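Summary of the model geometry
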Amino acid sequence: MEEQIEQAVAIALSPSSDHTLKSQAMNFCEQVKASPDGWLLCLSLFVRFPKSAPEARLFALQVVDGVLKNGSLDTSQLLHIRTTLIEFVKREYVLEGVNGVEFSSEPQYLKNKFSHTLTLLFVQLYPSLWPDFFDEFLALLQINHINGSKTNVCTIDIFLRILISIDEEVVNLSVPRKKEDAQRNTSIKDFMRRNDVQKLATVWYDILKDYCTRNQDVAEMCLKIVGLYISWIDISLIVNESFITLIYQLLGEIRLRIAACECLAEIVCKGMKPLDKFELIQVLNLADVMRRLDLSDDIEFVEQVARLTNVLGVELCKIWEEVDSETKPVVYVQIELFLQFLLKFLADEYDDTSCAVFPFVSALQTVLKKQKNFSGALTGSQREFLDSLLKVVVLKMKYDDETDWGGTDDGAEDAAEFLEMRKNLKSFFEAIYHIDTQLFTTYIRFAVVSTLDNYAKLGNALDWRELELALYLLHLYGEAIKGKVQFVEKHNNEITAYTPLGEMMNQMIQYVSSYSHPAITLNFFENISRYSQFFEIQPDCIPPVLEAFVDIRGLHNPNTTIRYRSWYLFHRFIKLLKLKMDKYVNTVLGSIQDLLMIQAVIEPSDMSADSNPLTKDKAMESGFSEQIFLFETVGILITADCIPPDNQMEFAKAVFNPLMEEIQRYIQICTESPEHIDPRSVLHLHHLIMAIGSIGKGFPEAPKGSHPTIPWVGILKQSTEIVLAVLKILNRYEIIRDAARYTFARLVSVLGTEILPYLPLLINELLTECGISELVDFLPFIGLLAHKFKLIIPLVDKVFHFLNQTPSGTDDALLLIDLRKAYLNFILGLLNNEMDAVFVSELNQPRLESILQSVIHYASDPSDIPSMKIAFSILSKALTLWGSQYLAMGALYEHILRICFEVPFKPSFNVNDGQSLTVLNEISKILKIMLSQRGDDFLRNVWTIWLLQPDLLDDFLRTLQQLELKAFQKYFQQFVKRSKS
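This write-up is about the structure you can find in this document.

Reading the values: rules and limits
Residues numbered from 1 in each chain as written. Predicted model: local features only at pLDDT ≥ 70, side-chain atom pairs only at ≥ 80, totals over all residues. Heavy atoms only, no water. Helix = DSSP H or I, 4+ residues; strand = E, 2+ residues; numbered from the N terminus. Rg over C-alpha atoms; globule rule 2.2 N^0.38 Å. Buried < 20%, exposed > 50% of the residue type's maximum accessible area, 1.4 Å probe, protein only. Core = buried A, V, L, I, M, F, W, Y, C linked by side-chain atoms within 4.5 Å. Contact = heavy atoms within 4.5 Å. Pairing = 2+ DSSP bridges. Salt bridge = Lys/Arg side-chain N within 4 Å of Asp/Glu carboxyl O. 1 Å grid on protein atoms, 1.4 Å probe; cavity = no way out; pocket = protein on both sides within 12 Å on 5 of 7 lines; lining within 4 Å. Points joined across faces, edges and corners; volume = space filled by probe spheres on them. Nonpolar A, V, L, I, M, F, W, Y, C, P; charged D, E, K, R; others polar. Phe/Tyr/Trp six-rings, centres within 6.5 Å; stacked < 30°, edge-to-face > 60°. Lys NZ or Arg CZ within 6 Å of the ring centre and 35° of its normal. Patch = residues over 30% accessible without salt bridge, like charges linked within 9 Å, V, L, I, M, F, W, Y side chains within 5 Å. Areas by Shrake-Rupley, 256 points an atom, 1.4 Å probe, with all protein chains shown as cover. Lys, Arg positive; Asp, Glu negative; His and termini not counted. Charge placed at Lys NZ, Arg CZ, Asp CG, Glu CD. Arc of directions from axis to C-beta. Polar contact = N/O pair within 3.5 Å; in protein donor to acceptor, adjacent residues only side chain to side chain. Axes fitted to C-alpha atoms, helices over the stretch in contact; angles between N-to-C directions. Left-handed = near helix turned anticlockwise from the far one by under 90°. Expected span 1.5 Å × (residues − 1). Disulfide = S-S within 2.5 Å. Parallel < 35°, antiparallel > 145°, perpendicular 65-115°, else oblique.

Another aspect to go through is the overall build of the protein chain. Each helix and strand in the protein chain was counted, giving 47 helices and 2 strands. Relative to the compact-globule value of 30 Å for 981 residues, the protein chain shows a C-alpha radius of gyration of 38 Å, a clear excess of over 25%. Structurally, the protein chain occupies a C-alpha span of about 105 × 90 × 70 Å along its principal axes. By the burial criterion, 52% of the 981 residues in the protein chain qualify as buried.

A word on the nonpolar core. Membership of the largest hydrophobic core comes to 290 residues, with the highest contact counts inside it found for Trp204, Ile267 and Leu286. Aside from chain neighbours lying at most four places away, what touches Ile267 is Ile230, Ile235, Ile238, Val239, Ile244, Ile247, Leu280 and Leu284. Counting 56 residues, the second largest nonpolar core, distinct from the first, contains Leu830, Leu920, Met930 and Leu957.

Our next topic: the pairing of strand 2 (residues 494–498). The side chains of a regular strand alternate between the sheet's two faces. Taken together, the 4 bridges between strand 1 (residues 488–491) and strand 2 define a ladder with antiparallel strand orientation. Residue pairing across strands places Glu489 opposite Ala497, the latter belonging to strand 2. The hairpin formed by strand 1 and strand 2 contains 2 residues between the paired strands, and Asn492 there has a positive phi angle of roughly 55°.

Enumeration according to the criterion identifies 48 salt bridges in this entry. As a salt-bridge pair, Glu136 and Arg82 come within 3.7 Å of each other at their nearest N and O atoms. With Glu136 in helix 7 (residues 133–141) and Arg82 in helix 5 (residues 75–98), the pair connects residues that are 54 residues apart, well separated along the chain. By relative accessible area, which is 18% here, Arg82 ends up buried. The shortest N-O distance in the salt bridge between Asp196 and Lys199 comes to 3.6 Å. Using a relative accessible area of 2% as the deciding quantity, one classes Asp196 as buried. Take Lys199: its relative accessible area is 33%, and that puts it in the partly exposed class. Ionic contacts of the salt-bridge type, sharing partners, join the residues Glu2, Glu3, Glu6 and Arg48 into one network.

Turning our attention to the layout of surface pockets. Taking a probe equal in size to a water molecule and rolling it over the atoms shows the remaining empty space. Of the voids in this model, the largest pocket is the one considered here, and its volume is about 710 Å³. In this structure, the largest pocket is lined by 21 residues; those nearest its centre are Glu349, Tyr350, Asp351, Asp400 and Thr403. Of all the secondary structure elements, the ones that give two or more residues to the lining of the largest pocket are helix 19 (351–356), helix 21 (380–396) and helix 22 (409–435). Examining the composition of the lining of the largest pocket, we find that 6 residues originate from one element, helix 22, more than from any other. When grouped by side-chain class, the residues that make up the lining of the largest pocket number 7 nonpolar, 2 polar and 12 charged.

Residue Pro50 follows Phe49 across a cis peptide bond; omega there is 5°. As for its position among the elements, Pro50 is in the loop between helix 3 (38–47) and helix 4 (54–70). Going from Tyr126 to Pro127, the amide bond is cis rather than trans, its omega being 0°. By secondary structure assignment, the location of Pro127 is in the loop between helix 6 (108–125) and helix 7.

Enumeration according to the criterion identifies 47 aromatic pairs in this entry. Geometrically, the ring pair formed by Tyr399 and Phe418 is tilted, given 4.6 Å between the ring centres and 45° between the ring planes. A residue pair is termed long-range when its members are at least 10 positions apart, and Tyr399 in the loop between helix 21 and helix 22 and Phe418 in helix 22 qualify at 19 residues. One exposure class covers both Tyr399 and Phe418, and it is buried. Taken together, Phe487, Tyr498, Phe524, Phe525, Tyr531, Phe534, Phe535, Phe549, Phe570 and Phe573 form an aromatic cluster joined through their ring pairs. The ring of Tyr472 has Arg422 sitting right over it, with the charged end atom 3.8 Å from the ring centre. One cation-aromatic arrangement involves Arg665 over Tyr666; the distance from NZ or CZ to the ring centre is 4.9 Å.

Attention now moves to a negative patch on the surface. A surface patch of like charges, here negative, comprises Glu349, Asp352, Asp400, Asp401, Glu402, Glu413, Asp414 and Glu417. Counting through the fold element by element, Asp414 comes out in helix 22.

Within the span of helix 17 (residues 328–336), buried status applies to Lys328, Val331, Tyr332, Gln334 and Ile335. The arc enclosing the buried residues of helix 17, seen along the axis, measures out at 155°, which places them on a common side. Those residues of helix 17 that are buried are in contact with helix 14 (274–284), helix 16 (299–322), helix 18 (339–346), helix 20 (358–375) and helix 21.

Glancing now at the side chain of Ser873. Relative to the helices and strands, Ser873 resides in helix 42 (residues 865–882). Look at Ser873 and you get buried, because its relative accessible area is 10%. A polar atom in the side chain of Ser873 sits 3.4 Å from the side chain of Glu922. Excluding its chain neighbours within four sequence positions, the residues that come into contact with Ser873 are Leu828 and Glu922.

Glancing now at the packing of helix 10 (residues 197–211) against helix 12 (residues 241–250). Relative to each other, helix 10 and helix 12 sit at 35°, their axes nearing to 11 Å. In this structure, helix 10 meets helix 12 at a crossing whose hand is left-handed. Where helix 10 approaches helix 12, its residues Ala201, Trp204, Tyr205, Leu208 and Lys209 are matched on the opposing element by Ser242, Phe243, Leu246 and Leu250.

In this model helix 32 (residues 624–638) runs 21 Å from its N-terminal to its C-terminal C-alpha over 15 residues, within 8% of the 21 Å that 1.5 Å per residue would give. Judged by how many residues are buried, helix 32 sits mostly within the fold: 12 of 15 residues are covered. Where helix 32 is concerned, the buried positions are Phe624, Gln627, Ile628, Leu630, Phe631, Glu632, Thr633, Val634, Gly635, Ile636, Leu637 and Ile638.

Time to look at the side chain of Thr720. Within the secondary structure, Thr720 sits in helix 35 (residues 713–730). Setting aside residues no more than four positions away along its own chain, Thr720 makes contact with Phe744, Leu747, Leu751 and Tyr758.

The next subject is the state of the cysteines. As used here, a disulfide is simply a covalent bond connecting the sulfur atoms of two cysteines. For the structure shown, the criterion picks out 0 disulfides. Free cysteine: Cys222, not disulfide-bonded; nearest cysteine sulfur from Cys263 at 8.6 Å. With relative accessibility at 0%, the residue Cys222 sits in the buried group.

As a further point, take the environment of Ser514. Considering the arrangement of structural elements, one finds Ser514 in the loop between helix 25 (500–511) and helix 26 (518–530). Its relative accessible area of 48% is what places Ser514 among the partly exposed residues. Sequence spacing of Ser514 and Ala745 is 231 residues, and the spatial spacing of their C-alpha atoms is 41 Å. Excluding anything up to four places from it in sequence, Ser514 contacts Tyr455 and Arg553.

At a minimum axis distance of 9 Å, the contact between helix 8 (residues 153–171) and helix 9 (residues 179–195) shows a crossing angle of 135°. In terms of orientation, helix 8 lies oblique with respect to helix 9. Taken together, the residues of helix 9 that come into contact with helix 8 (itself represented by Glu169, Val170 and Val171) are Arg184, Asn185, Ile188 and Lys189. Of the residues assigned to the contact of helix 8 with helix 9, the class counts are 3 nonpolar, 1 polar and 3 charged.

Right under this line is the structure:
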């Protein structure tokens, strides 16, 4: 039978096996796993000699593991496994060592798997049935073998693997465990502490001392175990003069020093009371130890020492936070011992080493903030350190010589990692500003201004990395301030001088825009956009900046990354400074006219049979998502208040007429030769419609409830009509419907009531073809229109059509849930925004009851608690608005009242869920509203609807009448919990 198992495993794992034979072999293996004596056969297969194939023996251990985990074996069977495996240990790991074999010939994965199996057996038997587990193994270690050693290296190897496996199975907190398993593991650790850990610590010391030079693989594994076990054993077993001295010595062994460093970090991390931990760190005296380390050549070791420094720093900062004010200065003295290491590692050329101390930097900055708040000022040494820290942080923000901006694909990962590190450094940068603003401002001004001065002298000979860093610091300066920035100092309302920020901006504008590197160009425009308020004060600086924007440095830059980004930044710049643009509109429009050409680009790969080039995402590719910012910018420019109305009209014609003429040409083609409408034509029409909407977005809003009288209103109405004409012909295309909705959403606030005649046709055309996911997006748009256009029935009918469908799969079911939430939020949004008149208008009131019935339906469904909560909120609002009119004591009123008592007591309603409690709060609100509106009639209705014990019901109603809403909500939660318990 054992041979059959071995053959079956070989066939099942062989890539060349016949498919039918492989299937039979796999079925046979599954039968072995499931059979009552399968584990016994596999145990025999694993230990037999000559050995079976490693793959078969691995399978055998998996079967044995299975029965050890499921608890199906009785005591005698467990003891049989114990006897068998110990005999195997003696044969494989003890006698081999005695015979002069340094290590067992077992593959590493089999050693680890065997260690895990023994651990599972240990968990079952220790301590009740195998209290001498460790004594038995420790005795096996002492059997002498070669080279006169006191211990058997072969046995030590497997024993250390077992100890690692015990940590994984019993101690490791990252592994989720059942409550009973956690209790069992606690009992195991308690027994080990009392009886075995001291013996283990002695053996660990002897192994490290014996093998630190002779077999460093064993010593390294032993150090790992000390680090694993230190978290739960008596620390004095390790932190004593002999053991710690030995670990310090191992820091000098090249092969072992990383493991020794990791072990020390685990010792420092051990959970202890603050003062006990502080005493531990003082005893370890690691600052002196670290000063003697050779950190010159081993990158990995330097990073590991940085990690040790980080652990020490973070732990000391935690202690500082937790101790009393008298002890804090003593703790800070200890922190200061590690500051030189913090700065050294933070400034390291290797970013992994720098990042290793980031938590220490963050924790220390928190300490310094609180220290300043507590004492009012930092000490001289603290300010000196903060100054050094700022310089190192700034240094690390600089691109290194091996990293290039926008480099090749090979360097993209390095660049991404650098930018991620910059984000973390930014938080340290900003924290320094808030700790010591004067120190921060002085240095940043010096760093930026001196670099700009150097550029003025050296020109393009200055390394782009220097200049990029200066511009980046200038940008971050404003981010750190997080408030209104000041560019000038004034006296008697007269400008007397630039602030540091104003000085930096002025020099940047004078010098930087002509530098040819793309990183400098981009940062220049980012800063121009970020600090556009500067030009309110210094309008004379606008012309050179506009010139830079519109030429090949910005909007016409050959680098697409720069070009597309500058389109957005230019939009922001113009939007914020539109009142200053009257002198420049003609020039700007002339300079960007070529960029307003619509080009519908479809990649050849998107024209394949299995690809759809007309999706919403693909429609916005090839730079069009950025180009629409240019169209909006045009809208802002031509309608700025500083432009005379007649000029606005001329500009509007110049912009809109070409778009409308091109759309008209396509409409004629659609009408006369519909076969010529290809995907590229549809995409082109999409872009044209979106361009109209984007230009309109830049126009000013019409006064609420009035007819705008601006001359260009007529042109916008023509645009609206032509968009509807396209929609009527091509509403089968989602991107056309989406573009029409986009454009109308922007024009509705511009045209005001002038747009109302066009809305019925728009809504009908959009709803005719839309699907579920599109309808989810459509509902907020209708909410925007509902207060101006009262007809919502077509929309409600479409929603009901989809919600009444049975989903065909998981995706459909999720879409319907999204639609349900969007529908309910749509109704609630109208009610919350005082648009309730929409529902009771002459057109819509006949459907109010069916709408409320749908809301009641979703309020009664505990399978979707978020929707249930929204539904009850709607009912609460509806009762407030219409409780004495449309809902007065009719069937709907009684239905709402009934579900208030039915829903909380449904078996599927989980009263312990946080969202369910919000539902109960909404129900409480409804009951209070009904009571206030109907008084005694309401109380009589509750008696007839709620079949509760009279005394309980009487107490409930009395409490409802006496308590305020918040108090009653808490009472109702407890009432439901008690009733369901």
